[in-house]
Amino acid sequence: MTPAQQSVKAAEICALAPIVPVLVIDDASRAEGLARALVAGGLPALEVTLRTPAALEAIRIMAGVEGGVVGAGTLLTPADVKAAKKAGAHFGVSPGATDSLLKACEDEELALLPGAVTATEVMGLLEKGYTVQKFFPAETSGGAAAIKALGGPIPQVRFCPTGGISMKNVGDYLKLKNILCCGGSWVAPADAVASGDWQTIEALARDAAALPRA
Ligand code: 3PG
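Residue positions are counted from 1 within each chain, in the order its sequence is given. For this predicted model, a pLDDT threshold of at least 70 governs which residues receive local features, and a threshold of 80 or more governs which side-chain atom pairs are given and counted, while totals over whole chains, interfaces and linings are taken from all residues. The basis for every side-chain value is the complete set of heavy atoms in the structure, and neither hydrogens nor water enter the calculation.

## Digging into the sheet that holds strand 1 (residues 19–23)
- With respect to topology, 6 strands assemble into an open sheet ordered 5-4-3-2-1-9, the strand pairing being parallel. Either end of the sheet is taken by a strand with one partner, and the two such strands are strand 5 (111–113) and strand 9 (182–184). Across the sheet, the mean angle from the axis of one strand to that of its neighbour is 30 degrees, orientation sign disregarded.
- Note: two strands are recorded as paired if DSSP finds a minimum of 2 bridges between them. Strands are runs of DSSP state E lasting at least two residues, helices are runs of H or I lasting at least four, and both sets are numbered from the N terminus onward. Note that strand 2 (residues 45–49) and strand 3 (residues 69–73) share 5 bridges and pair parallel. Bridge pairing in strand 3 places Ala45 opposite Val69.
- Sheet contacts for helix 1 (residues 3–15): strand 2, strand 3, strand 4 (91–93) and strand 5; angle to strand 5, the most-contacted strand, approximately 70 degrees. Helix axes are fitted only over the stretch in contact, all axes being lines through C-alpha atoms; the angle between N-to-C directions runs from 0 to 180 degrees. In what follows, residue pairs with any heavy atoms lying within 4.5 Å of each other are defined as contacts.

Rendered as structure tokens:
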């Protein structure tokens, strides 16, 4: 899958909802209920971060939840890409981008949202064909103002920012033309996931799904 094809797929996934939940799952037995609650609330695209031993099993389970589109986040190495693909991930997300990671995603046919923040990083990925990129860590890298500024000289790249975004500041991002959607963990608070409080999570998802976009 070429970078251009990956970006087409990434744009389709970003179009599904204004927010992609960023999920840290400690207990795979919570995966199905969590995915069902988020999808029911209107957030079908889900990013499961590969930061816990339960993450790959959670992806396997969530891939079977109707209406969900499950991706793997925190892809750092080619081995992560292989494992994510094998677990059933439909897309991948990386905080940055290395040549070996990009090659692995092309080889494994996994649509990647590669991370960048500086003009040079964004241009480097654009040169390879990635027109949809993750902007991470968003808030500490200049936030919405930085993405707006990048849109001046590089309007052909569109972003999914993540890192430090919440209901308080998400509106600043979603009003920009070069932002497709935002990622955030606030829709799945750790205590609600641990206690299986799916009502709370569905309500948070519903509020996030209703956010207006540019
Ligand atoms: C992450 O990789 O942790 C994401 O960027 C989510 O960040 P957040 O927890 O600040 O939403």
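Next comes the rest of the description.
## Section: the packing of helix 2 (residues 31–40) against helix 10 (residues 198–209)
- Viewed as axis vectors pointing N to C, helix 2 and helix 10 meet at an angle of 35 degrees, and their least axial separation amounts to 7 Å. In terms of crossing hand, the pair formed by helix 2 and helix 10 is right-handed. Of the residues in helix 10, those touching helix 2 at Gly33, Leu34, Ala37, Leu38 and Ala40 are Trp198, Ile201, Glu202, Ala205 and Arg206.
- Classes in brief: Ala, Val, Leu, Ile, Met, Phe, Trp, Tyr, Cys and Pro nonpolar; Asp, Glu, Lys and Arg charged; the others, Gly included, polar. Considering only residue class, the contact of helix 2 with helix 10 consists of 7 nonpolar, 1 polar and 2 charged. Crossing handedness is read from the near helix: turned anticlockwise from the far helix by less than a right angle, it gives a left-handed crossing, and turned clockwise, a right-handed one.

## Digging into the sheet that holds strand 8 (residues 158–161)
- Read from one edge of the open sheet, 3 strands run 6-7-8, paired in parallel fashion. Every other strand in the sheet has two partners, leaving strand 6 (115–116) and strand 8 as the edge strands with one partner each.
- Strand direction decides the pairing type here: strand 6 and strand 7 (residues 132–135), joined by 2 bridges, are parallel. Looking at strand 7, one finds that Ala116 is bridged to Phe135.

## Side note on the nonpolar core
- For this analysis, a nonpolar core means a set of buried residues of the types Ala, Val, Leu, Ile, Met, Phe, Trp, Tyr and Cys, connected via side-chain atoms within 4.5 Å. Exposed residues in this analysis have more than 50% of their type's maximum accessible area, buried residues have under 20%, and partly exposed residues fall in between, with area computed by a 1.4 Å probe over protein chains only. Leu23, Leu34, Leu38, Val48, Met62 and Leu75 are the most contacted members of the largest nonpolar core, which totals 59 residues.
- The leading source of residues in this core is helix 2, at 5 residues.
- Excluding anything up to four places from it in sequence, Met62 contacts Leu23, Ile25, Ala31, Leu34, Ala35, Leu46, Val48 and Val70.
- Counting 13 residues, the second largest nonpolar core, distinct from the first, contains Ile13, Ala45, Phe91 and Val93.

## Remarks on the packing of helix 2 against helix 3 (residues 55–62)
- Between helix 2 and helix 3, whose axes approach to 9 Å, the crossing angle comes to 55 degrees. On the basis of the axis angle, helix 2 is oblique to helix 3. Considering how the two elements wind past one another, helix 2 and helix 3 form a crossing that is right-handed. Contacts between helix 2 and helix 3 involve Ala31, Glu32, Leu34 and Ala35 from the former and Ala58, Ile61 and Met62 from the latter.
- Of the residues that constitute the contact of helix 2 with helix 3, the class distribution is 6 nonpolar, no polar and 1 charged. To sort the angles, those under 35 degrees are grouped as roughly parallel, those over 145 as roughly antiparallel, those from 65 to 115 as roughly perpendicular, and the leftovers as oblique.

## Regarding the pattern of salt bridges
- Salt bridges, as used here, are contacts in which a Lys or Arg side-chain nitrogen is within 4 Å of a carboxyl oxygen on Asp or Glu. Overall, the coordinates contain 5 salt bridges when judged by the stated rule.
- Residue Arg60 is joined to Glu57 by a salt bridge in which the shortest nitrogen-to-oxygen separation is 2.7 Å. Here Glu57 and Arg60 lie together in helix 3, a separation of 3 residues that amounts to about one turn.
- In this structure Glu57 comes out as partly exposed when scored by relative accessible area, which is 34%.

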